[in-house]
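Below are the chains, spelled out letter by letter.
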Amino acid sequence: AQRVTQPEKLLSVFKGAPVELKCNYSYSGSPELFWYVQYSRQRLQLLLRHISRESIKGFTADLNKGETSFHLKKPFAQEEDSAMYYCALRYSSASKIIFGSGTRLSIRP
Amino acid sequence: GAVVSQHPSWVICKSGTSVKIECRSLDFQATTMFWYRQFPKQSLMLMATSNEGSKATYEQGVEKDKFLINHASLTLSTLTVTSAHPEDSSFYICSARKNPARGQGMNTEAFFGQGTRLTVV
C-alpha cells in the first residue's frame, strides 16, 4: 500500500541554521513526490515537486529511490519558514495525492 | 493564479441534520476534485475522488451514504454530510486538479481550498 512517513512532528531550529525535514515513502510504482506548506491561518499550498527539480524559497528536495526518501532541505533557516510542512505522494492510477502526518517547523530567532 | 474556494468556511449544525459543503474552482476547470478530512493536529486523510459527470470513488472505510459527493460541473463539487453526528466534526478540505492543456501530461497541479470547519452539536 502507498504510504508517506514523516517521522518528526516538530522540528525547532535557530534562525540561520540548516533545516532538514525527513520524508520516506512506500510505493511500488513510479512515484511523484511533493512538499506542501501551510502557513498560519492559510491554506495548503504547493512548495515544490520532485519532477521540477527546482529550489523554492531556498528549499530543495531530492528524490532518492534507493532510500525511498524525499527529504526537504534548506541551508539557512529564516523566521518566515515557520509553518507546517507536509510531504505528499501522487500515484498515477487516479492522480490521488496522499499526505504524510506533517512536520511543524519552528524557527527560533 | 488558480483559486479553489470552499463554502462555507465554517458551519455549526445540530446532530441529525445534513450539511452541504461546496468546492469551486474559480478560474480553471477541474474534472477531478478530491475531498480530505483533517482532525486536529493530524494529517489530511483522503476521503474520496470526485469525478465530473460520474460517481465518486471512495477510500476504504469512508461511508458513501454518509458523505454524498456530487460533481455536476467542471467547476463545482459538493460534499454533503448526511445525518451528522458529533464525531463528524472535523476540518474538510477539497482539492481540484487543473484540467491539462492540449499536449500536457495528465498529472497537473492540484490546488487546495481554504477548508471548512464543521462542528456538530
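Figured I'd write up the structure that's included with this text. (Residues numbered from 1 in each chain as written. Chains lettered and ligands numbered in written order. Predicted model: local features only at pLDDT ≥ 70, side-chain atom pairs only at ≥ 80, totals over all residues. Heavy atoms only, no water.)

**A short note on the layout of surface pockets**
To keep things clear, this is the line we draw: Buriedness for pockets is judged along seven lines, at least five of which must meet protein on both sides within 12 Å for an open set on the 1 Å grid over protein atoms alone, while cavities are sets there where a 1.4 Å probe fits but cannot get out, and lining residues have an atom within 4 Å of a point. Grid points are joined across faces, edges and corners, and a volume is the space filled by probe spheres set on the points. Each helix is a run of H or I in the DSSP string that is no shorter than four residues. Each strand is a run of E no shorter than two, and both are numbered from the N terminus. Residues are grouped as follows: Ala, Val, Leu, Ile, Met, Phe, Trp, Tyr, Cys and Pro are nonpolar; Asp, Glu, Lys and Arg are charged; all remaining types, including Gly, are polar.
Each pocket or cavity is described by its volume, and for the largest pocket that value is around 720 Å³. What lines the largest pocket is a set of 24 residues, among which Q38, Y86 and R104 of chain A together with Q38 and K41 of chain B lie closest to the centre. Considering every element that reaches the lining of the largest pocket, the biggest residue donor is strand 9 (residues 83–91) of chain A, with three residues. Split into classes, the residues belonging to the lining of the largest pocket amount to eight nonpolar, 10 polar and six charged. Empty space within the second largest pocket amounts to approximately 390 Å³. Lining the second largest pocket are 17 residues, with M45, L46, M47, E59 and Q60 of chain B positioned closest to its centre. Elements supplying a minimum of two residues to the lining of the second largest pocket: strand 10 (96–99) of chain A together with strand 5 (44–51) of chain B. Per-element tally for the lining of the second largest pocket: the top contributor is strand 5 of chain B, with four residues. Its residues assigned to classes, the lining of the second largest pocket comprises nine nonpolar, three polar and five charged.

**Focus: the sheet that holds strand 1 (residues 4–7) of chain B**
All names here are of chain B. The line we're drawing: Strand pairing is assigned whenever DSSP detects at least two bridges linking the two strands. The axes used here are C-alpha line fits, helices contributing only the stretch in contact, and every angle between their N-to-C directions lies in the interval 0 to 180 degrees.
Reading across the sheet, the four strands line up as 1-3-8-7 and stay open at both edges, with antiparallel pairing between neighbours. One side of each edge strand has no neighbouring strand; the edge strands of this open sheet are strand 1 and strand 7 (67–73). On average, each strand axis in the sheet is tilted by 15 degrees relative to the strand beside it, whichever way the strands run. Relative to strand 8 (residues 76–81), strand 3 (residues 19–25) runs antiparallel, the two being bridged by six bridges. Among the inter-strand pairings, E22 is bridged to a residue of strand 8, identified as T78.

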